[in-house]
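Architecture at a glance
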Amino acid sequence: MAVEAVIWDFGGVFTSSPFEAFNRLEAELGAPKDHIRRVNATNHHDNAWALFERNEIDAARFDELFLEESTALGFPIRGRDVLPRLSGELRPRMVAALKTCKRRFKVGCITNNVVSEHSPGQASAQRAAGAMGQVMPLFDAIVESSKAGVRKPDPRIYVMMCELLGVEPQACVYLDDLGINCKPAHQLGMTAIKVVDVDQTLAELARATGLSFDQEARA
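In what follows, the accompanying structure is described. (Residues numbered from 1 in each chain as written. Predicted model: local features only at pLDDT ≥ 70, side-chain atom pairs only at ≥ 80, totals over all residues. Heavy atoms only, no water.)

Quick look at the overall build of the protein chain
What the protein chain contains, in helices and strands, is 13 helices and five strands. A total of 219 residues make up the protein chain; the buried ones form 50% of that total. Looking at the protein chain alone, contacts between residues at least 24 apart form 68% of all its contacts between residues at least 6 apart. Accessible area for the protein chain stands at about 10,100 Å²; split by element, carbon and sulfur atoms hold 51% of it. (Helix = DSSP H or I, 4+ residues; strand = E, 2+ residues; numbered from the N terminus. Buried < 20%, exposed > 50% of the residue type's maximum accessible area, 1.4 Å probe, protein only. Contact = heavy atoms within 4.5 Å. Areas by Shrake-Rupley, 256 points an atom, 1.4 Å probe, with all protein chains shown as cover.)

In structure tokens, the structure reads:
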């Protein structure tokens, strides 16, 4: 089936990965590297992070639960210290690629986010740079976990996007920096691209869509 839509994650795709910032926090605190990633991956359907991204708890409760979970896994870290590290730096080449795709295909964004000023792109530096202002208006449809009450990798959130765009999953390309989120997209029939770095992503996106991103590659 021909490609009709390109669907994007936000954090770690249009911005640098929050895991880089998490690693810096771990180094500052003396915590084991990737400890925060390990906490997030443990009981990932019902842990503090999952509850927060589905808007089932507030920031204060997230702070408490994340501390409990991180302590149980060997090193205490408060949730309130993690949240400010969510925002990354904007990747202009990815934004340019989105604009190129938009000229040919429908484009959508599925993002696991939280009802917090620390949501991706909402830190003061990002607001000043206009990251959210530059990217979000480009999409034809957006599904946010905190509003939908469902989060990736639940297949329902991908189906929601397909319904909003009026396309079948088999006609979609999906990009995400987490393999666990690419898997359900692939199982639904989408062409899934795991975002490792910008060069690799644009090369795979070019093969999947038949578009040229040479201009973005030179940027």
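A few points about the layout of surface pockets
Of the pockets and cavities examined, the largest pocket occupies roughly 570 Å³. Forming the walls of the largest pocket are 27 residues, and the residues nearest its centre are Phe 19, Trp 49, Glu 53, Leu 178 and Asn 181. Listing elements by their share of the lining of the largest pocket, those giving two or more residues are α1 (18–29), α2 (35–41), α3 (48–53) and α11 (179–188). Of the residues contributing to the lining of the largest pocket, the split by class is 11 nonpolar, nine polar and seven charged. (1 Å grid on protein atoms, 1.4 Å probe; cavity = no way out; pocket = protein on both sides within 12 Å on 5 of 7 lines; lining within 4 Å. Points joined across faces, edges and corners; volume = space filled by probe spheres on them. Nonpolar A, V, L, I, M, F, W, Y, C, P; charged D, E, K, R; others polar.)

A short note on the packing of helix α6 (residues 92–102) against helix α12 (residues 198–209)
Where α6 contacts α12, the two axes come as close as 11 Å, and the packing angle between them is 10°. Considered as vectors, α6 and α12 are oriented roughly parallel to each other. Taken as a pair, α6 and α12 cross one another with a handedness that is left-handed. Residues Arg 93, Met 94, Ala 97 and Cys 101 of α6 form the contact with α12, whose own contacting residues are Val 198, Asp 199, Thr 201, Leu 202 and Leu 205. In terms of residue class, the contact of α6 with α12 is built from six nonpolar, one polar and two charged. (Axes fitted to C-alpha atoms, helices over the stretch in contact; angles between N-to-C directions. Parallel < 35°, antiparallel > 145°, perpendicular 65-115°, else oblique. Left-handed = near helix turned anticlockwise from the far one by under 90°.)

Here's the deal with the environment of Ile 77
For Ile 77, the position within the fold is in the loop between α4 (59–72) and α5 (79–82). In this structure Ile 77 touches Leu 25, Leu 29, Ala 31, His 35, Ile 36, Phe 66, Leu 67, Ser 70 and Val 82, once residues within four positions along its chain are discounted.

Focus on α11
Residues Asn 181, Cys 182, Pro 184 and Ala 185 constitute the buried set of α11. Looking straight down α11, one finds its buried side chains confined to an arc of 165°; they lie on one side. Of the residues in α11, the exposed ones pointing more than 90 degrees away from the buried face are Lys 183, His 186 and Gln 187. Buried residues along α11 sit in contact with α10 (155–165), β4 (172–176) and β5 (191–194). Positive phi shows up at Gly 189, right after α11, with a value of about 110°. (Arc of directions from axis to C-beta.)

Notes on the packing of aromatic side chains
How two aromatic rings sit relative to each other is given by the distance of their centres and the angle of their planes. Following the criterion strictly, the structure yields 10 aromatic pairs and no others. Arranged with centres 5.6 Å apart and planes meeting at 40°, the rings of Phe 62 and Phe 66 form a pair that is tilted. Separated by four residues within a single helix, Phe 62 and Phe 66 lie in helix α4, roughly one turn from each other. Like Phe 66, Phe 62 is buried. Taken together, the ring pairs in this structure connect Phe 19, Phe 22, Trp 49, Phe 52, Phe 62 and Phe 66 into an aromatic cluster. Against the face of Phe 19 rests Arg 37, its NZ or CZ located 3.8 Å from the ring centre. (Phe/Tyr/Trp six-rings, centres within 6.5 Å; stacked < 30°, edge-to-face > 60°. Lys NZ or Arg CZ within 6 Å of the ring centre and 35° of its normal.)

Overview of the side chain of Thr 111
When you line up the elements, Thr 111 lands in strand β2 (residues 106–111). Beyond its immediate chain neighbours, meaning those up to four positions away, Thr 111 contacts Asp 9, Phe 10, Val 143, Glu 144, Ser 145 and Lys 152.

Notes on the pairing of strand β3 (residues 141–144)
Burial along β3 is one-sided: the residues Ala 141 and Val 143 are buried and none of Ile 142 and Glu 144 is. Alignment of β2 against β3, held across four bridges, turns out to be parallel. Paired with Cys 109 across the strands is Ile 142, a residue of β3. (Pairing = 2+ DSSP bridges.)

Re the pattern of salt bridges
One pass over the full model with this rule turns up 12 salt bridges. Between Asp 9 and Lys 152 there is a salt bridge; the shortest N-O distance is 2.8 Å. With Asp 9 in the loop between β1 (5–8) and α1 and Lys 152 in the loop between α9 (145–148) and α10, the pair connects residues that are 143 residues apart, well separated along the chain. Look at Asp 9 and you get buried, because its relative accessible area is 5%. Relative accessible area serves as the criterion here: at 2%, Lys 152 is assigned to the buried category. A salt bridge links Arg 78 to Asp 63, with the shortest nitrogen-to-oxygen separation between them at 2.6 Å. Note that Arg 78 is positioned in the loop between α4 and α5 and Asp 63 in helix α4, a separation of 15 residues in sequence. (Salt bridge = Lys/Arg side-chain N within 4 Å of Asp/Glu carboxyl O.)

Functional significance is not addressed by these values, which are geometric in nature.
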